[in-house]
Amino acid sequence: MRGFTFSDFLTMLWAVQWTATLVLIALALGGPLGLAMAMMRSSRNVVLNVIALVILQIVQGVPLLGMLMFFYFGMPVFLGIQVPALVSVSVAFTIFTAAFLGEIWRGGIQAVHVNQSEAAACLGLTRWQGFRHVIAPQAFKIALPSTVNFLVQLIKNTSLASIVGLVELARAGQLASAATFAPLTAYACVAAIYFAICFPLTQWSRSLEKKLHVVR
Amino acid sequence: MSFVDIRNVRKSFGDTEVLKGVTINVEKGEIVTIIGRSGSGKSTLLRCINGLEAINDGEIRINGELVHDKATDLRHLREKVGIVFQQFNLFPHMTVERNITLAPTLTKRVQKGEAARKLALDVLSRVGLEQKIDAYPEQLSGGQQQRVAIARCLAMGPELMLFDEVTSALDPELVGEVLKVMEDLARQGMTMILVTHEMNFARNVASKIVFMHAGKVHEQGAPAELFANPATSELKNFISSTK
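Every chain's residues receive numbers from 1 upward, in the order its sequence appears when written. To read the labels, note that chains go from A and ligands from 1, taken in the order they are written. Totals for whole chains, interfaces and linings use all residues, but because this is a predicted model, local features are given only for residues with pLDDT of at least 70 and pairs of side-chain atoms are given and counted only at 80 or more.

1. Overview of the pairing of strand E2 (residues 16-26) of chain B
Inference 1: One requirement defines pairing of two strands: DSSP has to find at least two bridges between them. Helix and strand assignments follow DSSP, with helices taken as H or I runs no shorter than four residues and strands as E runs no shorter than two, numbered in order from the N terminus. As paired strands, strand E1 (residues 4-13) of chain B and E2 of chain B are joined by eight bridges and run antiparallel to one another. Paired with Phe-13 of chain B across the bridge in E2 of chain B is Thr-16 of chain B.

Okay, structure coming up:
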């Protein structure tokens with residue numbers, strides 16, 4: 001048996017790269033999909049609207065943990081394909097991110113008064129031009145604090161990936177705890193690292209909220 | 001055919017019929033003022049004229065072109081038919097210059113940069129606000145915002161302008177500056193259709209008054225005549241209630 005040393009802490013810091021990778025994948029793939037969801041949900045097309053709503057309801061109603069399990073353990077059973085942990089986790093986080101960011105952004109889009117899109121239409125702009133130049137910039141401002149807030153949730157939620165064996169921050173903590181029999185120290189370090197990442201973000205979100213409130 | 005030809009227009013919202021067969025003709029250069037109590041269908045009619053609202057029956061032609069027709073390019077039409085709203089509806093995240101030049105540059109009528117700025121200065125001078133070109137809407141008073149909205153409309157080079165109660169949201173002391181801009185436009189020969197509660201403006205500037213009541217044109221005619229000898233008791237009551 002060995003004690004908890006600084007090198008255990010460094011190993012955890014090293015594992016942050018996988019936490020970061022998951023977050024970046026989720027944002028890079030889930031972000032554009034989220035925008036598509038938001039536009040489908042605020043579109044006048046009933047079919048698009050219903051499709052987006054069904055996806056949203058499923059994702060909102062199923063715990064993220066369940067989705068992770070489904071894509072990792074379920075896919076081999078149902079489809080007979082074994083997917084690598086990183087892929088299955090990425091798929092789950094992408095869907096999760098797309099649904100929730102989509103809903104946040106839809107709220108932002110719909111919070112922009114309908115007068116604004118009418119004014120754009122009356123000036124001869126196409127619907128896309130109106131969205132791009134008039135609605136989206138205002139919706140972005142409105143939705144930015146909630147978006148940052150979601151980002152914080154996402155970062156913490158990547159810890160769930162540990163259950164399928166991906167060695168990100170939380171899993172690294174588990175391993176250190178098991179190797180050193182110092183769970184308190186190990187998990188305190190994990191918590192401290194998450195906090196160090198998330199705290200600046202929540203502060204940023206708060207300052208954005210204040211700033212945007214003044215502008216509006 | 002008249003420049004604006006509104007014939008037997010009917011419009012319902014659900015079960016409520018708001019316009020019950022409205023017919024109005026507007027000639028080029030005419031200033032037509034629509035008056036009437038709230039709920040008489042004035043604003044709805046105005047919104048129908050530029051295609052913001054669909055109609056259930058009848059037809060509206062502008063310069064011969066049917067507004068409510070699938071073949072009509074509404075965007076193209078709206079470049080000729082400007083509308084100014086009660087709530088200004090300026091874009092709050094853009095400067096006055098960008099508010100004015102956004103549509104002309106997107107529709108490629110004007111190049112970005114110097115030409116666009118020149119256009120903005122030109123239309124702002126017509127509403128007396130050149131010095132506010134770099135301001136944001138929130139930095140302007142209500143009257144100034146409405147004048148910018150009129151300038152934004154003018155930048156499209158419209159042949160017809162619609163004004164939907166443009167002074168109703170303004171503090172009383174700011175109404176005058178907006179009305180003055182509209183008087184100037186009228187004098188320059190702009191064809192205008194406006195919904196207003198400003199009876200003095202209607203009396204002095206309009207070439208024709210249309211009194212709407214319960215979704216129909218109740219009376220219409222030259223202002224002097226109509227105000228002096230209202231034919232129906234509804235108009236009589238309306239005139240005395242606005243004094």
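Okay, back to it.
2. Topic: the interface of chain A and chain B
Inference 1: We call two residues in contact whenever the C-beta atoms placed from their backbones are within 7 Å. Counting from both sides, the interface comprises 14 residues of chain A and, opposite them, 16 residues of chain B.
Inference 2: Those elements that place two or more of their residues in the side of chain A that touches chain B are helix H5 (114-122) and helix H6 (127-157) of chain A.

3. Observations regarding the sheet that holds strand E5 (residues 65-66) of chain B
Residue and element names in this part refer to chain B.
Inference 1: Taken in spatial order, the four strands line up as E2-E1-E4-E5 in an open sheet, and their pairing is antiparallel. The sheet is open, and its two edges are formed by E2 and E5, each paired on a single side.
Inference 2: Strand direction decides the pairing type here: E1 and strand E4 (residues 57-62), joined by five bridges, are antiparallel. Each residue of the ladder has a partner; that of Arg-7, found in E4, is Glu-59.
Inference 3: Here helix H1 (residues 42-49) sits on the sheet in contact with E1, E2 and E4, set at roughly 65 degrees to E2. Only the stretch in contact is used when fitting a helix axis, every axis being a line fitted to C-alpha atoms; angles between N-to-C directions are given from 0 to 180 degrees.

4. Things to note about the nonpolar core
Inference 1: Counting 125 residues, the largest nonpolar core has Ala-92 of chain A together with Ile-34, Val-84, Ala-151, Leu-162, Phe-163 and Ile-193 of chain B as the members making the most contacts within it.
Inference 2: It is helix H4 (residues 85-111) of chain A that contributes the most residues to this core, 12 residues altogether.
Inference 3: Setting aside chain neighbours within four positions, we find Phe-163 of chain B in contact with Val-84, Met-182, Met-192, Leu-194 and Val-195 of chain B. By convention in this section, buried Ala, Val, Leu, Ile, Met, Phe, Trp, Tyr and Cys residues joined through C-beta atoms within 7 Å make up a nonpolar core. Working definition of burial: number of other C-beta atoms within 10 Å of the residue's own, with buried at 20 or more, exposed at 12 or fewer, and partly exposed in between, all C-beta atoms being placed from the backbone.

5. Thoughts on the confidence of the model for chain B
Detailed conclusions should not be drawn from predicted coordinates in areas where pLDDT is low.
Inference 1: Each residue gets a pLDDT score, which is the predictor's confidence in that residue and runs from 0 to 100. For chain B, mean pLDDT is 92; residues scoring 70 or higher make up 100% of the total.
Inference 2: Interface confidence for the predicted complex, given as ipTM, is 0.88, next to a pTM of 0.84.

6. Quick notes on the sheet that holds strand E3 (residues 31-35) of chain B
Residue and element names in this part refer to chain B.
Inference 1: Pairing is mixed across the open sheet formed by six strands, whose spatial order is E6-E7-E8-E3-E9-E10. Two strands lie at the open edges of the sheet, namely strand E6 (81-84) and strand E10 (216-221), each paired on one side alone. Strand-to-strand twist in this sheet, taken as the mean axis angle between neighbours without regard to direction, amounts to 20 degrees.
Inference 2: Of the strand pairs in this sheet, strand E7 (residues 160-164) and strand E8 (residues 191-195) are connected by five bridges, and their pairing is parallel. Residue Leu-162 lies in a different strand from E8, and its bridge partner there is Ile-193.
Inference 3: Most of the contacts of H1 go to E8, to which it runs at about 145 degrees, and overall it touches E3, E7, E8 and strand E9 (208-213).

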